[in-house]
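Structural features, examined
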Amino acid sequence: MEINFMIVAIVSVLLGGVATYIILKLGFKSKSTKIVVDAQAEAEIIKKDKILQAKEKFLQLKSEHEKLINERNNKVAVSENRLKQREVTISQKIEDASRKNSEVEAIRDNLNSQIELVDKKSEELNKMHKQQVEQLESISGLSVDDAKGQLMESLKAEAKTEAMSSINDIMDEAKLTASKEAKRIVIQTIQRVASEHSVENSVTVFHIDNDDIKGRIIGREGRNIRALEAATGVEIIVDDTPEAIILSAFDPVRREIARLALHQLVTDGRIHPARIEEVVAKTQKMVEEEIIETGKRTAIDLGIHGLHPELIRLIGKMKYRSSYGQNLLQHSREVANLAATMASELGLNPRVAKRAGLLHDIGKVPDDEPELPHAILGMKLAERYKEKPDICNAIGAHHDEVEMTTLISPIIQVCDAISGARPGARREVVESYIKRLKDLEELALSYPGVLKTYAIQAGRELRVIVGSEKVTDTDAETLSYDISKKIQDEMTYPGQIKITVIRETRAINYAK
C-alpha cells in the first residue's frame, strides 16, 4: 500500500509539474507576443522620425548648396566684369603705346637730323678753335703746353693762398670758440691762487752788531772759521763789508744750517772748534726736523694724505730751494692748487691732480745729484715710494721727457707753465735769457726774404721785417705761420710768443 501511495504521489507530482510547465509556457508566449507588437509599433514611430529628420537635413543641405552656388556665380560674374575692364584698359594702353611709338619715331628722326647738324657745327667750331689757338700761339709766342703750365702754376698759387686764408680763418675761429671756456677756467684758477717770489742766489748775508765779532769768528790763526767751514760745507767770507758776513754755497740747506749755527754761536759767545761742531750737529738735527715738519704741514694744508715719509721730507726740502727766483715749495703748492681747481672745472679727480702738482718738482731736491732731468728723477722717486702710475706719469711728462698717458699729465704741465710764466713769478738767468732771444732772432733770419728780426717784450714778441720785393702779402701770412710752428717745435720758452711779420713798401724821391 505504501508503495502504491508513493507511486501515486510521484505521478501526481509529475503531472503537476507538467501542468505547471504548460501553463507557464502559454503565459510567456502571450507576453512575448505583446512585447514584439509593442516593439514593432515603437520601431515604426522611430522610423518615421528618422525619415523626417533625414528630409529636414536634406532640405537644409540643399539650401546651403544653392546658397554656395549663388555666391560662386556672383564671384564669377564679378571676375568676368574685372576681366572685361582689364581688357578694355589693356587695349587702351596698347593704343597709347602704339601712338607714343609713332611719336618717338618722329622725335628720333628729328634728333638724328639735329645730331647731324651739331656734328657739322662741331667740326666747324673745332676748325675755328684750332685757327684761333694757332693765332694765339703766334701772337703770344707760347705753345699750348706752356700756356697750360703757366695757368696751372697760377691756379696752384691762388689755391694755396685761399687754403692758407681758410686755415687762418679756421684756426682763429677755433681759438675763439674752443679756447673761450679754457681761458675762463685758467683766469679763474689764477685769480684763486697766488704765490710770492723770492730772489734766487747762492749766498746768504749774516748781519752782526759790530765788526769785533769778525775776529772771534775767524779765531786764532783762522781755526774757528776753518772748523765752521769744515762742519757746514759752506764758504764763509769775512771781508771789509761793514756789519756783515757772507755765507756762500749752492746748497741752500747747508747755507741755512751755517746761518743758524753762526747765529747761535754769536749769541752764546763761546766760539771754538769743539763748540762749533756741537752747535752745527744740533742745528743740522733741528733743520732736518724743521724740513719734516714743513713737509707734514704742507701735506695737511693741501689735504694730501698717505705720502711716504721720504716724500714728505723731500717736500720740506723744497722750502730751501728756489728756481728762477721762485721758491720751489711755494711754486709746488701753487701748481697743486691750480691743478686741483682746473681738474674740478674739467670734471676730473682734483685730489689726484693736487697730489701730482705738489710732487711734480721733487726731482729738484734729491739727496744725491744724478745726471738725470729733474722730471725723470722725480718720476723714479715717486715710483720708488709707491705712488700711483698716473701721478708718476704726470711728474715725468710735465716737461715732455716721457709720453703723456693720462688726462692729469697735461693739466700738471699747463699749471706748471702758468705758475712759472705769470708776471713777477720768476727771474731768469741773464745768460739763458739772452741766449733765448738770440735763438729766436736767428731762427727767423734763416728764412729767405727776412731782412731783420727783433725780439721784444722780454722775448714774448718777435718782429720780422721782410723785403717787399721778395715776400708778398700772402707769403707774409705763410711765413708768420711757419716761424710760429718752428719755434713751437724746436724751442722751450715760458708762456707764448707772438710773431709779427712786417712788410712795407717805401717810395723815396728828392726835390732838387
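Everything here concerns the structure above.
In this text the structure is predicted, and so the values were computed from the model without any measurement. (Residues numbered from 1 in each chain as written. Predicted model: local features only at pLDDT ≥ 70, side-chain atom pairs only at ≥ 80, totals over all residues. Heavy atoms only, no water.)

Attention now moves to helix H10 (residues 374–384). Across the eleven residues that make up H10, a large majority, eight, are buried. Lining the buried residues of H10 we find helix H7 (309–317) and helix H11 (389–397). After H10 finishes, the residue Lys386 shows a positive phi value of roughly 65°. (Buried < 20%, exposed > 50% of the residue type's maximum accessible area, 1.4 Å probe, protein only. Helix = DSSP H or I, 4+ residues; strand = E, 2+ residues; numbered from the N terminus. Contact = heavy atoms within 4.5 Å.)

It is worth spelling out helix H8 (residues 328–345) at this point. Its 18 residues give H8 an end-to-end C-alpha distance of 26 Å, which sits within 8% of 26 Å, the value for a rise of 1.5 Å per residue. Here H8 starts with a cap whose side-chain oxygen sits 3.1 Å from the backbone nitrogen of Leu329, and that cap is Asn327. Once H8 finishes, Gly347 follows within two positions and takes phi at roughly 80°, a positive value. (Expected span 1.5 Å × (residues − 1). Polar contact = N/O pair within 3.5 Å; in protein donor to acceptor, adjacent residues only side chain to side chain.)

The next point concerns the packing of helix H9 (residues 350–359) against H11. Where H9 meets H11, the closest approach of the two axes is 9 Å, and the angle between their N-to-C directions is 40°. Here H9 lies oblique to H11, going by the angle between them. Pair H9 / H11 crosses with right-handed handedness. Two secondary-structure elements touch here, H9 through Val352, Arg355, Ala356 and Leu359 and H11 through Asp390, Ile391, Ala394 and Ile395. Classifying every residue of the contact of H9 with H11 by side-chain character gives six nonpolar, no polar and two charged. (Axes fitted to C-alpha atoms, helices over the stretch in contact; angles between N-to-C directions. Parallel < 35°, antiparallel > 145°, perpendicular 65-115°, else oblique. Left-handed = near helix turned anticlockwise from the far one by under 90°. Nonpolar A, V, L, I, M, F, W, Y, C, P; charged D, E, K, R; others polar.)

On the surface, a cluster of negative charge is contributed by Glu116, Asp119, Glu123 and Glu124. Along the chain, the position of Glu124 falls in helix H1 (residues 2–140). (Patch = residues over 30% accessible without salt bridge, like charges linked within 9 Å, V, L, I, M, F, W, Y side chains within 5 Å. Areas by Shrake-Rupley, 256 points an atom, 1.4 Å probe, with all protein chains shown as cover. Salt bridge = Lys/Arg side-chain N within 4 Å of Asp/Glu carboxyl O. Lys, Arg positive; Asp, Glu negative; His and termini not counted. Charge placed at Lys NZ, Arg CZ, Asp CG, Glu CD.)

Another aspect to go through is the sheet that holds strand E6 (residues 450–456). The sheet built from three strands is open, its strands ordered E6-E7-E8 with mixed pairing. What marks the edges here is a single partner per strand, and that holds for E6 and strand E8 (498–503). Neighbour-to-neighbour, the strand axes of this sheet turn through a mean angle of 20°, independent of strand direction. Relative to E8, strand E7 (residues 461–466) is paired through six bridges, and the arrangement is parallel. (Pairing = 2+ DSSP bridges.)

Across soluble globular proteins, nonpolar side chains show a tendency to be buried alongside one another. The biggest cluster of nonpolar side chains holds 39 residues, and the ones touching the most others in it are Leu307, Leu311, Leu359, Ile408 and Cys415. Considering each element in turn, this core owes the most residues, eight residues, to H8. In contact with Cys415, other than residues within four places in its own chain, are Val335, Leu338, Ala339 and Met342. Formed by 24 residues, the second largest nonpolar core is a distinct cluster that contains Phe206, Ile271, Val280 and Tyr320. (Core = buried A, V, L, I, M, F, W, Y, C linked by side-chain atoms within 4.5 Å.)

Our focus in this paragraph is the pattern of salt bridges. In total, this model carries 15 salt bridges according to the counting rule given. The partner of Arg275 in a salt bridge is Glu278, and the shortest N-O contact between them spans 3.7 Å. Residue Arg275 and its partner Glu278 are located together in helix H6 (residues 273–302), separated by three residues, close to a single helical turn. On the basis of relative accessibility, which here comes to 38%, the residue Glu278 falls in the partly exposed class. Its salt-bridge partner being Asp473, residue Arg503 comes within 2.8 Å of it at the nearest N-O pair. Residue Arg503 is located in strand E8, and its partner Asp473 is located in helix H14 (residues 473–490); the two are separated by 30 residues in the primary sequence. Using a relative accessible area of 29% as the deciding quantity, one classes Arg503 as partly exposed.

The exposure class of Arg275 is buried, given its relative accessible area of 11%. Every residue in contact with Arg275, bar those within four places of it in the chain, is listed here: Gln264, Leu265, Asp268 and Arg270.

Glancing now at a nonpolar patch on the surface. Residues Ile7, Val11 and Leu15 make up a contiguous nonpolar surface patch of roughly 270 Å² in combined accessible area. If you trace the backbone, Val11 turns up in helix H1. Residue Val11 is classed as partly exposed on the basis of its relative accessible area of 39%.

Axis angle and axis distance: for two packed helices, these are the angle between their axes and the distance between the axes, and together they describe the pair. Direction vectors running N to C along H6 and H8 enclose 20°, while the axes themselves pass 11 Å from each other. When the interaxial angle is binned, H6 and H8 end up roughly parallel. Viewed along their axes, H6 and H8 form a crossing whose handedness is right-handed. Residues Thr294, Thr298, Asp301 and Leu302 of H6 form the contact with H8, whose own contacting residues are Leu329, Arg333, Ala336 and Asn337. Considering only residue class, the contact of H6 with H8 consists of three nonpolar, three polar and two charged.

Honestly, it's all geometry; don't read function into it.
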